[in-house]
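Next come the chains, spelled out residue by residue.
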Amino acid sequence: MTSHIPTTTIPNLEKQVRLNLKRANGWQPIYVQGAPGLAKTYFWRNNAPEIIADEIGCKPEEVGVILINPAVQDGVSIGGVTIPFATTEEEREILGDHKLITGFTLSPVVAAAKRMMALPQYRAVILLWDELAQARDSELKICIPSCDRSEGTIGSDSLPDGVYVAATGNRSIDKSGAGRIFAMLRNRMVSFEMAFDLSSFLTFWGKQGWNPIMQTWMESADIPWDEAVPSEDRPFCTPRSMEHAGEILDTYMADVDFGAVTEQDNGDVMFVPSWVRDMIAGVVGKEAATSLVRFISKMDCPDPSEIFADPQGADMPDGMGSQMFACNRALANAETADQAEAAFAYILRALPELRITLGAKVLNLMTANRWTNTSDETNAFIVKYSDMFPILRS
């Protein structure tokens, strides 16, 4: 952390945004800096609209977001361009016999804000200067007046009422091409440095319905989180890269090989092969990926043979992640229609969040193998959820 900048977390930033909205002199632009992958931009695109909507009395979808990355823009695309304008007779009486004078066109960013605010579906707009610290000096200077609540302008144009300015950026230590923002910009904004908060991230992960095995692992294991960019040139473990790792694991778990193909590693049976582990390591780093696959190998779940023999009596783990693993492993080892139906009967004992997707997986497996369904439970499931199968298969 940068010791001179006060830190914040997603839960605290939500409170700070709400407090900022209530200030008597109006919104003061907020700048949130920090290492890559800590959900800085995500906050302004998703959390902040909900808070603003709640405070001004509208729906979250009525709060628009305009995201501008000054680092990949030039000054013209932000502040407008100077072109010659014809002077009027009245102006020539003051300025002399000059028929032309140069002036700025309307700022494209101000124009975008005005257009959005003119639409009936919007009550407010967040103007987010994303990755501000990567911008060149010339573009950074153009952004400064918009970040001063006493000015609120870009070029010579005022931002319309209902626009809330915010900014994000990496730090110079983050090896992302960022520099220090100008002191006068820092002096105009509320500055925070984002810190990682595991509890709020786990809550967010659960709400998104992402891979429950990953969630169980993050809750119970000592995860090598990278709260700063590592000194080595390697993939590193952040909330963003965890999301990517979860998607890779989800995709592999949907494969027929999951749970059936194993490898040996120092005497342990590994249910995630090395090539999948290495792909996960490509986003979260080797240490985190190794920790995850070892965690999966030690999950306390019944063997598929136990499920096939007695789907009603086989042990059903408590956690969603363990249930997901046990059910997928049973499906991957099903070699006959009877075994697939036994796996399905076991799946119906799992948490409701898992039954539909895993049940659809059973039906896909039976269809692919041309197995005949004889189970009343399976038939009842097909009737109840048949309208969802095209969505689950897409």
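What counts as what
- Residues numbered from 1 in each chain as written.
- Predicted model: local features only at pLDDT ≥ 70, side-chain atom pairs only at ≥ 80, totals over all residues.
- Heavy atoms only, no water.
- Helix = DSSP H or I, 4+ residues; strand = E, 2+ residues; numbered from the N terminus.
- Buried < 20%, exposed > 50% of the residue type's maximum accessible area, 1.4 Å probe, protein only.
- Contact = heavy atoms within 4.5 Å.
- Pairing = 2+ DSSP bridges.
- Axes fitted to C-alpha atoms, helices over the stretch in contact; angles between N-to-C directions.
- Expected span 1.5 Å × (residues − 1).
- Patch = residues over 30% accessible without salt bridge, like charges linked within 9 Å, V, L, I, M, F, W, Y side chains within 5 Å.
- Areas by Shrake-Rupley, 256 points an atom, 1.4 Å probe, with all protein chains shown as cover.
- Salt bridge = Lys/Arg side-chain N within 4 Å of Asp/Glu carboxyl O.
- Phe/Tyr/Trp six-rings, centres within 6.5 Å; stacked < 30°, edge-to-face > 60°.
- Parallel < 35°, antiparallel > 145°, perpendicular 65-115°, else oblique.
- Nonpolar A, V, L, I, M, F, W, Y, C, P; charged D, E, K, R; others polar.
- Bend = angle between axes of the 7 residues up to and from the residue.

Draft legend 1. Looking closely at the environment of glycine 26. Its location among the elements puts glycine 26 in the loop between helix H1 (10-21) and strand S2 (30-33). On the basis of relative accessibility, which here comes to 24%, the residue glycine 26 falls in the partly exposed class. Sequence separation of glycine 26 and aspartate 148 is 122 residues, and the distance between their C-alpha atoms is 11 Å. Setting aside its immediate chain neighbours within four residues, glycine 26 contacts Asn20 and Arg149.

Draft legend 2. Region of interest: the side chain of threonine 238. The topology assignment puts threonine 238 in the loop between helix H9 (212-220) and helix H10 (239-253). Leaving out residues up to four positions away in the same chain, threonine 238 has contacts with Pro36, Gly37, Trp225 and Asp226.

Draft legend 3. Seen up close, the sheet that holds strand S10 (residues 190-194). On the basis of which strands lie adjacent, the open sheet formed by six strands has the order S1-S10-S2-S9-S6-S3 and parallel pairing. Looking at the sheet topology across the chains shown, the edges are occupied by strand S1 (7-8) and strand S3 (63-68). Set on the sheet, helix H5 (residues 108-118) makes contact with S3, strand S6 (124-129) and strand S9 (163-169); between it and S3 the angle comes to about 165 degrees.

Draft legend 4. Here's a closer look at helix H12 (residues 286-297). End to end, H12 covers 17 Å across twelve residues, agreeing with the expected 16 Å (1.5 Å per residue, within 8%). Ala288, Ala289, Leu292, Val293, Ile296 and Ser297 are the residues of H12 that are buried.

Draft legend 5. Expanded view of a nonpolar patch on the surface. Among the surface-exposed residues, Val76, Val81, Ile83, Phe85, Ile94, Leu95 and Ile101 lie close enough to one another that they form a single nonpolar patch of about 590 Å² accessible area. Position of isoleucine 83 relative to the elements: it lies in strand S4 (residues 82-86). By relative accessible area, which is 32% here, isoleucine 83 ends up partly exposed.

Draft legend 6. Up close: the packing of aromatic side chains. Scanning the entire structure with this criterion turns up twelve aromatic pairs. Aromatic pair phenylalanine 43 and tryptophan 44: ring centres 5.1 Å apart, planes at 90 degrees, arrangement edge-to-face. Its relative accessible area of 1% is what places tryptophan 44 among the buried residues. Judged by centre distance (5.1 Å) and plane angle (85 degrees), the rings of tryptophan 205 and tryptophan 210 are edge-to-face. A relative accessible area of 22% places tryptophan 210 in the partly exposed class.

Draft legend 7. Broad picture of the packing of helix H15 (residues 337-347) against helix H16 (residues 352-369). Where H15 meets H16, the closest approach of the two axes is 10 Å, and the angle between their N-to-C directions is 175 degrees. The orientation of H15 relative to H16 falls into the category roughly antiparallel. Between H15, through Ala337, Ala340, Glu341, Phe344 and Ile347, and H16, the contact on the second element is made entirely by Arg355, Leu358, Gly359, Val362, Leu365 and Met366. Tallied by class, the residues present in the contact of H15 with H16 amount to eight nonpolar, one polar and two charged.

Draft legend 8. Local environment of helix H2 (residues 40-56). Helix length check: H2 (17 residues) gives 23 Å between terminal C-alpha atoms against 24 Å at 1.5 Å per residue, within 8%. Of all the bends found along H2, the most pronounced is centred on asparagine 47 and spans about 40 degrees, while proline 49, a proline, follows it within four residues. Among the residues making up H2, those that are buried are Lys40, Thr41, Phe43, Trp44, Asn47, Ala48, Pro49, Ile51, Ile52 and Ala53. One or two steps after H2, the chain reaches glycine 57, where phi turns positive at roughly 80 degrees.

Draft legend 9. How the structure looks around the packing of helix H14 (residues 320-333) against H15. The N-to-C vectors of H14 and H15 enclose an angle of 170 degrees; their axes lie 9 Å apart at closest approach. Considered as vectors, H14 and H15 are oriented roughly antiparallel to each other. Packed against H14, whose contacting residues are Ala326, Cys327, Ala330, Leu331 and Asn333, the element H15 presents Gln339, Ala343, Tyr346 and Ile347 at the interface. For the contact of H14 with H15, a count of residues per class yields seven nonpolar, two polar and no charged.

Draft legend 10. Examining the pairing of S2 more closely. Of the two faces of S2, the one lined by Ile30 and Val32 and the one lined by Tyr31 and Gln33 are each fully buried. Relative to S9, S2 runs parallel, the two sharing four bridges. By the bridge assignment, valine 32 is partnered in S9 with threonine 168. Of the strand pairs in this sheet, S2 and S10 are connected by four bridges, and their pairing is parallel.

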